[in-house]
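# A structural walkthrough
The chain contents come next:
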Amino acid sequence: MRKPFIAGNWKLNLLTEEAVALAKKLALAFKGMDNIELAVAPVFTVLYAVAKALKNSNIGLAGQDVYWENSGAFTGEVGPESLKDAGCGYVIIGHSERREYFGETDQGVNKKLKAAIAAGLIPICCIGEKLEEREQEKTLKVIDRQMRGALMSIPRAEALKITIAYEPVWAIGTGKTATPGQAQEVHAFIRKLLAEIYDQEAADSIRIQYGGSVKPENIKELMAQPDIDGALVGGASLKAESFIALVKNSLP
Ligand code: PGA
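Residues numbered from 1 in each chain as written. Predicted model: local features only at pLDDT ≥ 70, side-chain atom pairs only at ≥ 80, totals over all residues. Heavy atoms only, no water.

## Thoughts on the environment of M33
Inclusion rule: By definition, any uninterrupted DSSP run of H or I lasting at least four residues is a helix, any uninterrupted run of E lasting at least two residues is a strand, and each is numbered from the N terminus. Residue burial is assigned from relative accessible area. The probe radius is 1.4 Å, only protein chains are included, and a residue is buried under 20% of its type maximum, exposed over 50%, and partly exposed in between. Residues count as neighbours in contact if any of their non-hydrogen atoms are within 4.5 Å of one another.
Here M33 is to be found in the loop between helix 1 (16-29) and strand 2 (37-41). What makes M33 buried here is its relative accessible area of 15%. As for M33 and I59, which are separated by 26 residues in sequence, their C-alpha atoms are 9.8 Å apart. Setting aside anything within four residues of it in sequence, one finds M33 in contact with N58, V247, K248 and L251.

Given below as structure tokens:
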């Protein structure tokens, strides 16, 4: 059984006071909920303060990106051990905004996944096609390339620790969600790829989140799909009311 996993990606939003206030509200609302795994991904500079606010809660903390080295002359970068030091147990890797605006490549994603796993972080590895790729019916080809690139030479035992997040780029922050059918089709394809790369048992145990305009109103039908195991949520994770409603609505 794959435990549902919902993570809030706060992106470049919320300063310390707002972030801590939101974290405290979530910790209170989700207290005792043990049938779902939860995490939030704040801006690097507020991680430590949010970690303190989430202490003794059931909400994990995630970095929004990570570098593949732990130390050295890499000005501006944050390594896996630094994330752990700030209180993180998770890290988002390969988000489409990193790929689109900051030159993230499949090879970089692969190196980051390996470094994160080596440090004991749970990676959320994002993949997804752009609008023109979908329109040209290249979706599955793009997903195939991103998946194989991300997982290159990662052994099975390590791959089992990864969560995949399928986020069609055209659905992120646009209010346009993939229909549950569109999302399920790609999720099933990702699971088939995992079975090909590893084996069916590994494919059956790796969680695949959906991301892209997930809201309290559409989470239920997405979660009802057999291969959707959770969500990576941007906009709707920035307000306590909507994230709490979304998480509650995700449960059967
Ligand atoms: P969104 O963002 O929910 O605002 O569409 C999702 C994401 O980028 O992870």
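## Some remarks on the site of the ligand
Test applied: We call a residue near a molecule or strand when any one of its heavy atoms sits within 4 Å of it. Definition of a polar contact: a pair of N or O atoms within 3.5 Å, with one able to donate and the other able to accept a hydrogen when the atoms are protein atoms, and with sequence-neighbouring residues admitted only if both atoms are side-chain atoms. Per-residue accessibility takes into account occlusion by the displayed protein chains alone, with areas from the Shrake-Rupley method and a 1.4 Å probe. Three classes are used: nonpolar for Ala, Val, Leu, Ile, Met, Phe, Trp, Tyr, Cys and Pro, charged for Asp, Glu, Lys and Arg, and polar for all others, with Gly counted as polar.
In the vicinity of the ligand lie 13 residues, with K11, H95, E167, G173 and S213 positioned nearest. One of the backbone N or O atoms of G235 is found 2.8 Å from an oxygen atom in the ligand. For the ligand, whose unbound accessible area comes to 280 Å², protein coverage reaches 95%. Partitioning the shell around the ligand into residue classes produces four nonpolar, seven polar and two charged.

## Thoughts on the packing of helix 5 (residues 106-118) against helix 7 (residues 139-151)
For clarity, the threshold we go by: Orientation is described by lines fitted to C-alpha atoms, with helices fitted over the stretch in contact, and by angles between N-to-C directions that extend from 0 to 180 degrees. By the definition adopted for this analysis, an angle is roughly parallel if under 35 degrees, roughly antiparallel if over 145, roughly perpendicular if from 65 to 115, and oblique otherwise. Should the near helix be turned anticlockwise from the far one by less than a right angle, the crossing is left-handed, and should it be turned clockwise, the crossing is right-handed.
Where helix 5 contacts helix 7, the axes come no closer than 7 Å and their chain directions differ by 40°. In terms of orientation, helix 5 and helix 7 fall into the oblique class. The chirality of how helix 5 crosses helix 7 is right-handed. On helix 7, the residues touching D106, V109, N110 and L113 of helix 5 are R145, Q146, G149, A150 and L151. Its residues placed into classes, the contact of helix 5 with helix 7 shows four nonpolar, three polar and two charged.

## Things to note about the pattern of salt bridges
In plain terms, the rule: One speaks of a salt bridge when a side-chain nitrogen belonging to Lys or Arg is within 4 Å of a carboxyl oxygen belonging to Asp or Glu.
One pass over the full model with this rule turns up 16 salt bridges. Between E129 and R134 there is a salt bridge, with its nearest N and O atoms 2.7 Å apart. Residue E201 pairs with R156 through a salt bridge whose shortest N-O separation is 3.8 Å. One end of the pair, E201, is in helix 10 (residues 200-205); the other, R156, is in helix 8 (residues 156-159), with 45 residues separating them in the sequence.

## Notes on the sheet that holds strand 8 (residues 230-233)
Counted only if it meets this: By this definition, two strands are paired if DSSP reports at least two bridges between them.
Pairing in this closed barrel of eight strands is parallel, and the strands run 1-2-3-4-5-6-7-8 around the ring. Taking each pair of neighbouring strands and ignoring which way they run, the sheet shows an average axis angle of 25°. Strand direction decides the pairing type here: strand 1 (residues 5-9) and strand 2, joined by five bridges, are parallel. Paired with I6 across the bridge in strand 2 is L38. Its contacts with the sheet place helix 9 (residues 180-197) against strand 5 (122-127), strand 6 (163-166) and strand 7 (208-211), and it is angled at close to 150° to strand 7. Its contacts with the sheet put helix 12 (residues 240-250) on strand 1, strand 2 and strand 8, and the angle it makes with strand 1 is roughly 165°.

## Some words on the packing of aromatic side chains
Ring pairs (aromatic) are described by centroid distance and by the angle formed between their planes. Defined as follows: Pairing of aromatic rings covers Phe, Tyr and the six-membered ring of Trp, with a centre-to-centre limit of 6.5 Å; geometry is then stacked below 30 degrees between planes, edge-to-face above 60, and tilted otherwise.
This structure, assessed with the given rule, holds six aromatic pairs. For the ring pair F5 and Y90, a centre distance of 5.3 Å and an interplane angle of 35° mean the geometry is tilted. Taken together, the positions of F5 in strand 1 and Y90 in strand 4 (residues 90-93) put the pair 85 residues apart, joining distant regions of the chain. Residue classification places F5 among the buried residues on the basis of a relative accessible area of 0%. When the ring of F30 is compared with that of F243, the centres are 6.1 Å apart and the planes differ by 75°; the resulting orientation is edge-to-face. Here F30, found in the loop between helix 1 and strand 2, pairs with F243, found in helix 12; they are 213 residues apart in sequence, far enough to count as distant. The buried category is assigned to F30, whose relative accessible area is 1%. Here a set of aromatic residues connected by ring pairs shows up, and it is made of Y67, W68 and F74.

Just geometry here; none of it tells us what the structure is for.
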